[in-house]
Amino acid sequence: MERVRSLNSLSPGPPLQDCAPSSLVLRSFLVPFGTFWVLFQLDLSVIMIPSPPLFLLLLGLMGAHATAPVSVDLRTAAAMAAGLCNTRPTDLVFIVDSSRSVRPSEFEQVKVFLAKVIEGLDVGPDATRVGVVNYASRVKNELSLKTHKTKAGLVKAVTKIEPLSTGTMTGLAIQFALNVAFSEAEGARIKSPDISKVAIIVTDGRPQDNVKEVAARARDAGIELYAIGVGRVDLNTLKQIASEQLDDHVDYVESYSVIEKLTKKFQEAFCVADLCATGDHDCQQVCISAPGSFKCACKEGFSLLEDGKSCSACSNAATDVVFLIDGSKSVRPENFELVKKWINQIIDKLDVSETKAHVGLVQYSSSVKQEFPLGRYNNKKDLKDAVKKMAYMERGTMTGQALRYLTDSSFAPASGARPGVAKVGIVFTDGRSQDYIGDAAKKAKEQGCKMYAVGVGNAVEDELREIASQPTGEHYFYTADFKAMTAIAKKLQINICQEEDPCECDSVVKFQKKVEEALQALTKK
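Residues numbered from 1 in each chain as written. Predicted model: local features only at pLDDT ≥ 70, side-chain atom pairs only at ≥ 80, totals over all residues. Heavy atoms only, no water.

Under an unreviewed UniProt entry, the name given to the protein is Matrilin-1, and the source organism is Oncorhynchus tshawytscha. Word for word, the UniProt comment on the protein under Subcellular location (unreviewed entry) is "Secreted". (UniProt positions renumbered as here; feature names shortened; annotations may be inferred.)

Laid out in structure tokens, this is it:
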């Protein structure tokens, strides 16, 4: 039986005989749920692949609490169970104790454990390379990192390893791994942030030499050490070997008969979630997976904007964008800070420059205040700094008055608006307007402004629809929680295409007709 760890301690203790039947391998999850913490205990030895709704529930339970102190990364576990993870390129060396205390039948169980861990890896010269060091009183390099390039070859070679059946020189084995097994001559790759170096030590007794100093040297060399103890193993030795955090790098099983149950723990350890598949990305159109990361791309006919995530079919279009922000007392200061971050998220998606997107900012409550006009700032840094400095007004919610200011003042040439350039208004509010909005909203759209309406909390959705341009499904957004505004920023896309000048078109057609007539006249002659 694997030890059931304390959620409040990093130090492994002795087996708890009364916690669970010996066939179970328990993992504990503390999940924040409102003002409560819910403890889940899962038997990972019998975990089944969840249905898509269950997988989404697992991810949803984490949500914004992904940094909460849990004993296992729940997101990784969920991604792995749903088959949505790859293994990071790794040089992995198993260091296996085959001293006389390990019976032949028990050593066979160790080999089954090794084979099952290997089965979960992405084995290959450019992916994960695997080596095996066998030790007792002496050390034998059974498989070097360069020996086998396929999973099948590795597993077959592991089945042929024989026990050495003498003493227990664990320190000597770690030193051998450091000097030989992880050397370039044996197939290890040059040290790189993109390639992990990992050693998994399996032992069942007290070593006959010192392990503390040599394990420290291995860790200092960038090797991540996992220590698995079996039966009467010395737990202090395991802690001296393992990397931090000990709770993740030290494991204990009561006997070799259940060591196989640790397979899933190590598959989790090597799992790198496919962020595109799990949806943990901000790409507007196309997400391309990379180990533990991703990059964004666009569909044919679209170009990637400067933020590296958004796509536009009209990236060269000049646009005047004005934010109309509700600063009434119902918003509250802490939420107003979230609104400012949301504005800057949208600014990040714009192609801000002297000739392309210009941005203005207006705040309103019982009165209207122009924070800065269109064209004052022509780069994103200055724009975002100005947004951060916006002071919260408080008081009432006069949305109709603010809309009239938008059409009469913000989009006037005196406020920096450019003639012939597309106009976009983005209205944010968290409550019902205290004045009539209908005429002002209608006037903005009649003047050719593309209007987006964003509401949070007590905002009235009928008012949002009245403000928004057609089709309303693409131009109005609502969420109950200020913390969910990030999702709206991702969805809100401002794609303005420059329309062809019909006069220019007519001139070209007339010129073409004249040329054709002249050619016909010449042909007749």
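*Asks:* A description of the overall build of the protein should follow, citing residues and the corresponding values.
*Replies:* Of regular secondary structure, the protein possesses 18 helices and 20 strands. Expressed as a percentage of the 525 residues in the protein, the buried residues total 50%. By element, 52% of the accessible surface of the protein is carried by carbon and sulfur atoms, the whole surface being about 25600 Å². (Helix = DSSP H or I, 4+ residues; strand = E, 2+ residues; numbered from the N terminus. Buried < 20%, exposed > 50% of the residue type's maximum accessible area, 1.4 Å probe, protein only. Areas by Shrake-Rupley, 256 points an atom, 1.4 Å probe, with all protein chains shown as cover.)

*Asks:* Explain the sheet that holds strand β19 (residues 450–456) to me, using residue names and the numbers behind them.
*Replies:* Sheet strands associate in pairs through backbone hydrogen bonding, adopting either a parallel or an antiparallel arrangement. Strand order in the open sheet formed by 6 strands is β17-β16-β15-β18-β19-β20, with mixed pairing between adjacent strands. Edge strands, defined here as strands with exactly one partner in the open sheet, are β17 (368–372) and β20 (476–479). Along the sheet, successive strands turn relative to each other by an average axial angle of 15°, direction set aside. As judged from the 4 bridges shared by β19 and β20, these two strands associate in the parallel manner. (Pairing = 2+ DSSP bridges. Axes fitted to C-alpha atoms, helices over the stretch in contact; angles between N-to-C directions.)

*Asks:* Describe the packing of helix α11 (residues 333–348) against helix α12 (residues 380–388), with residues and values.
*Replies:* Helix-helix packing: each pair is described by the crossing angle between the helix axes and the interaxial distance. Contact geometry for α11 and α12: axes closest at 9 Å, N-to-C directions at 165°. Relative to α12, the element α11 is oriented roughly antiparallel. The chirality of how α11 crosses α12 is right-handed. Contact residues: α11 offers Lys-340, Ile-343, Asn-344, Ile-347 and Asp-348, while α12 offers Lys-380, Leu-383, Lys-384, Val-387 and Lys-388. Counted by class, the contact of α11 with α12 contains 4 nonpolar, 1 polar and 5 charged residues. (Parallel < 35°, antiparallel > 145°, perpendicular 65-115°, else oblique. Left-handed = near helix turned anticlockwise from the far one by under 90°. Contact = heavy atoms within 4.5 Å. Nonpolar A, V, L, I, M, F, W, Y, C, P; charged D, E, K, R; others polar.)

*Asks:* Before we move on, can you summarise unusual backbone geometry with the specific residues and values?
*Replies:* In the segment running from Glu-244 into Gln-245, the intervening peptide bond is cis, with an omega of -15°. Here Gln-245 lies in the loop between α7 (235–241) and α8 (246–249). Omega for the peptide link from Gln-470 to Pro-471 comes to -10°, which places this bond in the cis form. Mapping Pro-471 onto the fold places it in the loop between α15 (461–467) and α16 (472–475). Notably, Arg-332 is not glycine yet its phi reads approximately 75°, a positive angle. You can see Arg-332 is positioned in the loop between β15 (319–326) and α11. One non-glycine residue, Arg-395, lies in the positive phi region at around 75°. Mapped onto the secondary structure, Arg-395 falls in the loop between α12 and α13 (399–410).

*Asks:* Summarise the pattern of salt bridges; cite the residues concerned and give the values.
*Replies:* Tallied over the entire structure, the rule returns 21 salt bridges. The closest approach of N and O atoms between Asp-435 and Arg-404, which form a salt bridge, is 3.9 Å. Of this pair, Asp-435 sits in the loop between β18 (422–429) and α14 (438–446) while Arg-404 sits in helix α13; the two residues are 31 residues apart in sequence, bridging distant segments of the chain. A single network of salt bridges, built from pairs that share partners, joins Asp-91, Arg-189 and Lys-197. (Salt bridge = Lys/Arg side-chain N within 4 Å of Asp/Glu carboxyl O.)

*Asks:* So, the state of the cysteines: which residues are in play, and what are the values?
*Replies:* Under the definition given, this model contains 1 disulfide. Covalently, Cys-283 is tied to Cys-296 through a disulfide, its sulfur atoms 1.9 Å apart. Judged by the sign of its S-S torsion, about -80°, the bond between Cys-283 and Cys-296 is left-handed. Of this pair, Cys-283 sits in the loop between α10 (275–278) and β11 (286–290) while Cys-296 is found in strand β12 (residues 293–297), placing the two residues 13 residues apart along the sequence. Assessed through its relative accessible area of 12%, Cys-296 is described here as buried. (Disulfide = S-S within 2.5 Å.)

*Asks:* Tell me about the pairing of strand β4 (residues 90–97), and please be specific about residues and values.
*Replies:* Taken residue by residue, a regular strand's side chains alternate between the two faces of the sheet. Across the 8 residues that make up β4, a large majority, 8, are buried. The two faces of β4 match: Thr-90, Leu-92, Phe-94 and Val-96 on one face and Asp-91, Val-93, Ile-95 and Asp-97 on the other face are all buried. Here β4 runs beside strand β7 (residues 196–203); their pairing, made up of 7 bridges, is parallel. By the bridge assignment, Phe-94 is partnered in β7 with Ile-200. The pairing of β4 with strand β5 (residues 129–135) spans 7 bridges and is parallel. Bridge assignment links Asp-97 to a residue of β5, and that residue is Tyr-135. Read from β4 through helix α3 (residues 104–119) to β5, the crossover connection turns out right-handed. (Right-handed = clockwise from strand over helix to strand, strands pointing away.)

*Asks:* Lay out the confidence of the model for the protein in plain terms, naming residues and giving numbers.
*Replies:* Do not read the predicted coordinates in detail wherever pLDDT is low. Across the protein, the average pLDDT comes to 80, with 75% of residues at or above 70. When pLDDT is averaged over each element of the protein, helix α5 (residues 170–181) comes out on top at 96 and helix α1 (residues 52–62) at the bottom at 43. Scored below 50 in pLDDT, residues 1–72 shows 126 contacts in the model against residues more than four places distant or in partner chains. Low pLDDT (under 50) marks residues 499–505, which in the prediction has 1 contact with non-local residues, meaning those over four places away or in another chain. (pLDDT = per-residue confidence, 0-100.)

*Asks:* If you had to explain the environment of Arg-219 to someone new, which residues and values would you point to?
*Replies:* Within the secondary structure, Arg-219 is located in helix α6 (residues 212–220). A residue is classified by how much of its surface remains accessible, and Arg-219, at 29% relative accessible area, is partly exposed. For the pair Arg-219 and Ala-199, spaced 20 residues apart in sequence, the C-alpha to C-alpha distance is 9.9 Å.

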